[in-house]
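Single-letter residue listing:
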Amino acid sequence: MEEKKTFYLTTAIAYTSGKPHIGNTYEAVLADSIVRFKRMQGYDVRFQTGTDEHGQKIELKSEEAGITPKQFVDDVSGQIKTIWDMMNTSYDKFIRTTDEYHEKQVQKIFKKLYEKGDIYKGHYEGMYCTPCESFFTPSQLVDGKCPDCGRECQPAKEEAYFLKLSKYTDRLIEHINTHPEFIQPESRKNEMMNNFLLPGLQDLCVSRTSFKWGIPVDFDPNHVVYVWIDALSNYITGLGFDLDGNHTLDDGENLYEKFWPADLHLIGKDILRFHTIYWPVMLMALDLPLPKQIFGHPWLLQGDGKMSKSKGNVIYADDLVDLFGVDAVRYFVLHEMPFENDGVISWELMVERMNSDLANVLGNLVNRTISMSNKYLGGVIADKGVAEEVDEDLKAKVLEVPMNVIQKMEQLRVADAITEVFSLFKRCNKYIDETEPWVLGKDEAKKDRLSTVLYNLVESITIGASLLEAFMPDTTEKILAQLHAEKRSMDEMDRFGKYASGTKVTETPEILFMRLDSKEVLAKAEEIKQKQIAEAKAESGESEEEVIDIEAKPEVTFDDFMKMQFQVGEIIACEEVKKSKKLLCSQVKVGSEVKQIVSGIKQYYSAEEMVGKKVMVLVNLKPAKLAGVLSEGMLLCAEDAEGNLALMAPEKPMPAGAEIC
RNA sequence: GGCGGAAUAGCUCAGUUGGCUAGAGCAUACGGUUCAUACCCGUAGUGUCAUGGGUUCAAAUCCCUUUUCCGCUACCA
């Protein structure tokens, strides 16, 4: 007996800070279509997804909601699972990072890396050079000394654990170079190489002391494991991996031995860095094999800018499903997503696809085929063998499509694969036009030919519907049920004519996809939009006293504070720094002096509106060059959670130069 | 600023190693058909293939210039 080939695919685990929108849902559907196809090809598949549930954000949100973090994530994780189920995703394992087994293994992994010396205790703030009053990350130091003055640096107080990435850089570069398929699409490989690997990696901070909602470092309980070691490990802990080799068995099966290394990590392009650099380094440090391939897929975006609840343009999977049905939504997200660029989603496009592809081409084809069979042949589909030349072209097409679909799926070109399947249905519609069954139906002498024509159609549709299973499983079932046909496996698609001759199709064909009126749909979309805006308002109304917690810095002495000189400055001129996206260069009058100060606020203030403002200036900061421009101080700003900046200004008129104390 | 990518029909995009009148889908117009969910089939298109130059018998494709857009990244005193 030949062992079945295995295929292990994972999605990123979804962060449980809130309900996932269609962009997140897309990933689960994409993954599902790939694994379903692999199953059709006879692979022994394991499909894992789940939720990432730790971190400061969740700690804060649960506090706001007045419940424990665990209650909070139980709720959100449940919601996510419900959506994944609604979308008909066929995962084998839904892992949660709060699972006891996972937490235990993460602690063991952390400890092992620490004992091995690959994780060391360091300082999150970096190295401090007292004379220069500057912090540096360890990798910025020259021979362990300040890159500016060459003197010794002192570690700052905030302690944290770091993963030594630098130790494995060369091995990773080598691996990526010798495995061109490792990072997909290929353009992403260059980004990782040029931006991180070749310039040299900074060690990664892997613990936090600033919040509690995480997996504790068991040998140093002030620390919790920060996101990456926790979240990334799910790919092996979900298989029952045990660091000491006592892998947990599942029904007697050693899943870790069987499925690791993973065949494919399917992730969004935004977290490619973590999966192609940090994760492989972790695995190397643990002496475990690396995953075979990582695909950073693009995103589905709204046509009119970023999705935001306050704009009311967030599209959620359940709203779409209510209007269109599960398979239509699956079809849409898979079909609209190109391989490398972001796809666009909108209600209008959704209606267009629904009507032209699903209702007109596919639904109508099935419907007209069945109704002709009933009308002319009493529903009995029999191959009477009266072939004509046109049949050959149809058969050739029908036999060619499965091969094309396989080829596209192998390259992860899911959108192209679906298009291939639909080209089969389009060919069928053309075949009806070529053979004109309604003409044959009027001539008793041509009844056998008619019968053959309809047989060819039913056979073609059976193959097409079977191919559709990876993408639209419910639709496959429905079509085959109406035709009373057996589902065709991949290796049965090399031959035309397996549909049992003489089978009777259903007398009452059900409409597969209802045509929709775009105006009605848009009206409903508008309703959803208003509802969202109202909800967003209610939420922000509740949290009007919204607060932001930032990481606490070590205490300073009064003397430390008094070293800093703050004054009111008047901006008398301001221009953009040409070579930079973010910087403005201001001439600031402080007393009788004029200082040149460069600030990263171009996104929030134009050069013109800066002029005349009176602002708070840190005057005695050591001058530095930014983008080649000298800056002799700092304009102070307040920053919100989104990074929006607001200049600090005196609350009553004050002359330029007034001391702030 | 660094690295990379893109610019093709009204829209979304294909176009492999340079090769015959530059393609597909949607939308539009016209024609055909009536089994069907007013559907399906056919035909017609419009293109200075972003820009200027170069290599070549031959360039959407290769090289350089300019412009615009996008991604990653750095500067945020």
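Residues numbered from 1 in each chain as written. Chains lettered and ligands numbered in written order. Predicted model: local features only at pLDDT ≥ 70, side-chain atom pairs only at ≥ 80, totals over all residues. Heavy atoms only, no water.

**Considering the protein's contact with RNA strand B**
Under the convention used in this document: We call a residue near a molecule or strand as soon as one heavy atom of that residue lies within 4 Å of the molecule or strand. Polar contacts, as counted here, are pairs of nitrogen or oxygen atoms within 3.5 Å of one another; within protein the pair requires one atom able to donate a hydrogen and one able to accept it, and residues that are adjacent in sequence qualify only if both atoms are side-chain atoms. Helix numbering and strand numbering both begin at the N terminus, where a helix is a DSSP run of H or I of at least 4 residues and a strand a DSSP run of E of at least 2.
Around RNA strand B, the structure places 44 residues, and the nearest of them are Glu-352, Asn-360, Asn-364, Leu-621 and Gly-633. Expressed as a percentage, the sugar and phosphate content of the atoms of RNA strand B within 4 Å of the protein is 70%. Lys-430 places a side-chain nitrogen or oxygen 3.5 Å from a phosphate oxygen of RNA strand B. Contacts to RNA strand B include Phe-513, whose backbone N or O atom sits 2.7 Å from a base nitrogen. Contributing elements (two or more residues each) for the surface near RNA strand B: α6 (186-197), α13 (347-377), α15 (414-435), β22 (593-599) and β24 (624-626).

**Things to note about the environment of Gln-482**
Put simply, the rule reads: Relative accessibility decides the category of a residue: with a 1.4 Å probe and only protein chains considered, values under 20% of the type maximum give buried, values over 50% give exposed, and everything between is partly exposed. For this analysis, residues touch if any pair of their heavy atoms sits within 4.5 Å.
For Gln-482, the position within the fold is in helix α18 (residues 473-483). Exposure remark for Gln-482: the relative accessible area of 6% places this residue in the buried category. Spatially, the C-alpha atom of Gln-482 lies 80 Å from that of Pro-653, the residues being 171 residues apart in sequence. Every residue in contact with Gln-482, bar those within four places of it in the chain, is listed here: Val-366, Ile-370, Val-505, Thr-506, Pro-509, Glu-510 and Leu-512.

**Overview of the environment of His-123**
Relative to the helices and strands, His-123 is located in strand β5 (residues 119-123). By relative accessible area, which is 26% here, His-123 ends up partly exposed. It is 45 Å that separates the C-alpha atoms of His-123 and Leu-334, two residues lying 211 residues apart in sequence.

**As for the side chain of Ser-599**
You can see Ser-599 is positioned in strand β22. By relative accessible area, which is 8% here, Ser-599 ends up buried.

**Description of the side chain of Lys-38**
This is how it is decided: Neither His nor the chain ends contribute to the count of charged residues, in which Lys and Arg are positive and Asp and Glu negative. The term salt bridge refers to a pairing of a side-chain nitrogen on Lys or Arg with a carboxyl oxygen on Asp or Glu at a separation within 4 Å.
By secondary structure assignment, the location of Lys-38 is in helix α1 (residues 22-40). No salt bridge forms around the buried Lys-38; measuring N to O, its nearest opposite-charge neighbour Glu-410 is 4.8 Å away.

**Overview of helix α14 (residues 389-410)**
As a reminder of what qualifies: Take the number of residues in a helix, subtract one, and multiply by 1.5 Å to get its expected span.
Between its first and last C-alpha atoms α14 spans 33 Å; for 22 residues at 1.5 Å apiece the expected length is 32 Å, and the two agree. Where α14 is concerned, the buried positions are Asp-391, Leu-394, Val-398, Val-401, Pro-402, Asn-404, Val-405 and Met-409. For α14, the elements touching its buried residues are α1, α15 and α17 (447-467). Immediately beyond the C-terminal end of α14, within one or two residues, lies Leu-412, with a positive phi of roughly 65 degrees.

**Thoughts on the sheet that holds β5**
Our working rule: Two strands make a pair as long as DSSP finds a minimum of two bridges between them. Angular values range over 0 to 180 degrees, each being the angle between N-to-C directions of two axes fitted as lines to C-alpha atoms, with helices fitted over their stretch in contact.
Strand order across the open sheet formed by three strands is β5-β9-β11, with antiparallel pairing between neighbours. Here the strands that pair on one side only, and so sit at the sheet edges, are β5 and β11 (204-205). Here strand β9 (residues 159-163) runs beside β11; their pairing, made up of two bridges, is antiparallel. Looking at the pairing, Leu-163 lines up with Leu-204 of β11. With respect to the sheet, helix α4 (residues 100-116) is in contact with β5 and β9, its orientation differing from that of β5 by roughly 85 degrees.

**Overview of the nonpolar core**
Note the threshold: Buried residues of nine kinds, namely Ala, Val, Leu, Ile, Met, Phe, Trp, Tyr and Cys, make up a nonpolar core once their side-chain atoms join them within 4.5 Å.
Judged by nonpolar contacts, the single largest core of 105 residues is most densely connected at Phe-324 and Phe-471. If you tally residues by element for this core, the top one is α13, at 13 residues. The contact partners of Phe-324, leaving out residues within four places of it in the chain, are Val-329, Trp-347, Met-350, Val-351, Met-354, Leu-516 and Val-521. Formed by 54 residues, the second largest nonpolar core is a distinct cluster that contains Leu-163, Met-193, Met-282 and Ala-285.

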